[in-house]
Amino acid sequence: MMNSIHCIWDKPCILGEGPIWHPLEKVLYWVDIVKPELHRLNPRNNFHQSWIMPTDICCVAPNKKGGLIAALKNGITILNPVSNDVHYIAELNKNNTMCNDGHCDRQGRFWIGTKDIAESNSNAGIFRLDNNKLIQQADNFIVSNGLISSLDSKYFYIADSPNRIIYQYDFNADTGEIGKRIIFAKISDDAGYPDGMTIDSEGYLWGCHFNGWRVTRYDPEGEIDRVIPMPIAAPTSCCLGGPDLKILYITSASRDVKKSELKNQPQAGCVFAIEVDVPGVNEPCYKEE
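Residues numbered from 1 in each chain as written. Predicted model: local features only at pLDDT ≥ 70, side-chain atom pairs only at ≥ 80, totals over all residues. Heavy atoms only, no water.

(A) Main features of empty space enclosed by the protein. The tally for this structure, following the rule as stated, stands at 1 cavity of 30 Å³ or more. Approximately 140 Å³ is the volume found for the largest cavity. Secondary-structure elements contributing two or more residues to the lining of the largest cavity are β10 (97-104), β14 (144-149), β18 (193-199) and β22 (235-241). Within the lining of the largest cavity, the residues separate by chemical class into 9 nonpolar, 4 polar and 2 charged. (1 Å grid on protein atoms, 1.4 Å probe; cavity = no way out; pocket = protein on both sides within 12 Å on 5 of 7 lines; lining within 4 Å. Points joined across faces, edges and corners; volume = space filled by probe spheres on them. Helix = DSSP H or I, 4+ residues; strand = E, 2+ residues; numbered from the N terminus. Nonpolar A, V, L, I, M, F, W, Y, C, P; charged D, E, K, R; others polar.)

Shown next, in the form of structure tokens:
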């Protein structure tokens, strides 16, 4: 059983992305990549804070020692938004690419997928942060998204967005290496592009469809379990949070919406919430090496 979708933040982002429910702070974070801005919302009292970043902020993950680890356009930082302290720990040294989506695995290692800035060349890849260096784990992406590990840490799910494929990679949790991949799900041409993802306590994968007007829940075999129609064309990413981890939070984008199209989706770029019947799992925290 699911309740209706409601908007919890009605000031549209240009490119809202990367929502996480912080397991220590019990609040929702998300980013507006290109503004660039970090948002923090406490749903218990609707207290909202935001911080302008020095460059594009692409995604964040909770830091076990407090605050966040964040991927900015050109590298990885330890971020304390309250003190406005941005400390770079690794640089992305690859021409014409930038950081995009990322998460920590369940062992506390931070992963980042990159994108070709022009979104036309397959020179982006998947990287694992290791001793303050970005170690490439896969290549030949134009735009990568998702980067979620399975509950048992046997698999890693990565979206190849322009090609409309979600891949399942074999994952060695001990070494932090990803290996052989198979197609987990192929998104139909009329369903947009696979974007950000999260996983629930049954091991089902939730995925947003950019320009697809929907969010899909996939079973562990990659079959569609349910589809949630959205009031906006471009849901970008999602997470499960709230006091019992049963609220699906969904970010969205207004970047590609023309003024003439706003009447069909006036909430483009807003943040949404919907109660679901299966709880999520705590977002893994980054453990400094």
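(B) Inspection of the sheet that holds strand β20 (residues 214-218) at higher detail. Taken together, the 4 strands give an open sheet; going across it, the order is β18-β19-β20-β21, and neighbouring strands pair in antiparallel fashion. Strands at the two margins of the open sheet, each flanked by one partner only, are β18 and β21 (224-229). Each strand axis lies, on average, 25 degrees off the axis of its neighbour in the sheet, ignoring direction. Judged from the 5 bridges that link them, β20 and β21 form a sheet pairing that is antiparallel. Within β21, the residue paired with R217 across the bridge is R226. (Pairing = 2+ DSSP bridges. Axes fitted to C-alpha atoms, helices over the stretch in contact; angles between N-to-C directions.)

(C) Main features of the sheet that holds strand β8 (residues 75-80). Taken in spatial order, the 4 strands line up as β6-β7-β8-β9 in an open sheet, and their pairing is antiparallel. Only two strands of the sheet have a single neighbouring strand rather than two, namely β6 (57-62) and β9 (85-91). When the angles between neighbouring strand axes are averaged without regard to direction, this sheet yields 25 degrees.

(D) Region of the structure containing the layout of surface pockets. Taken as a whole, the largest pocket holds about 420 Å³ of empty space. Surrounding the largest pocket, 22 residues form its lining, K115, E119, V143, F210 and R255 being those nearest its centre. Elements supplying a minimum of two residues to the lining of the largest pocket: β10 and β18. With 3 residues, the single largest contributor to the lining of the largest pocket is β18. The wall of the second largest pocket is formed by 13 residues, among which S150, Y155, Y157, Q168 and P220 lie closest to the centre. The element that contributes the greatest number of residues to the lining of the second largest pocket is strand β17 (residues 177-186), accounting for 3 residues. Residue classes in the lining of the second largest pocket are distributed as 8 nonpolar, 3 polar and 2 charged.

(E) Quick peek at the pairing of strand β3 (residues 28-32). Most of β3 sits out of view: 5 of its 5 residues are buried. Where strand β2 (residues 16-21) and β3 come together, 4 bridges link them in antiparallel fashion. If you follow W21 over to β3, its bridge partner there is L28. Where β2 folds back on β3, the antiparallel hairpin that results is connected by 6 residues, among which K26 adopts a positive phi of roughly 55 degrees. The pairing of β3 with strand β4 (residues 37-42) spans 5 bridges and is classified as antiparallel. In the sheet register, L28 faces β4, and the bridge partner there is L41. Here β3 folds back onto β4 in antiparallel fashion, the turn holding 4 residues. (Buried < 20%, exposed > 50% of the residue type's maximum accessible area, 1.4 Å probe, protein only.)

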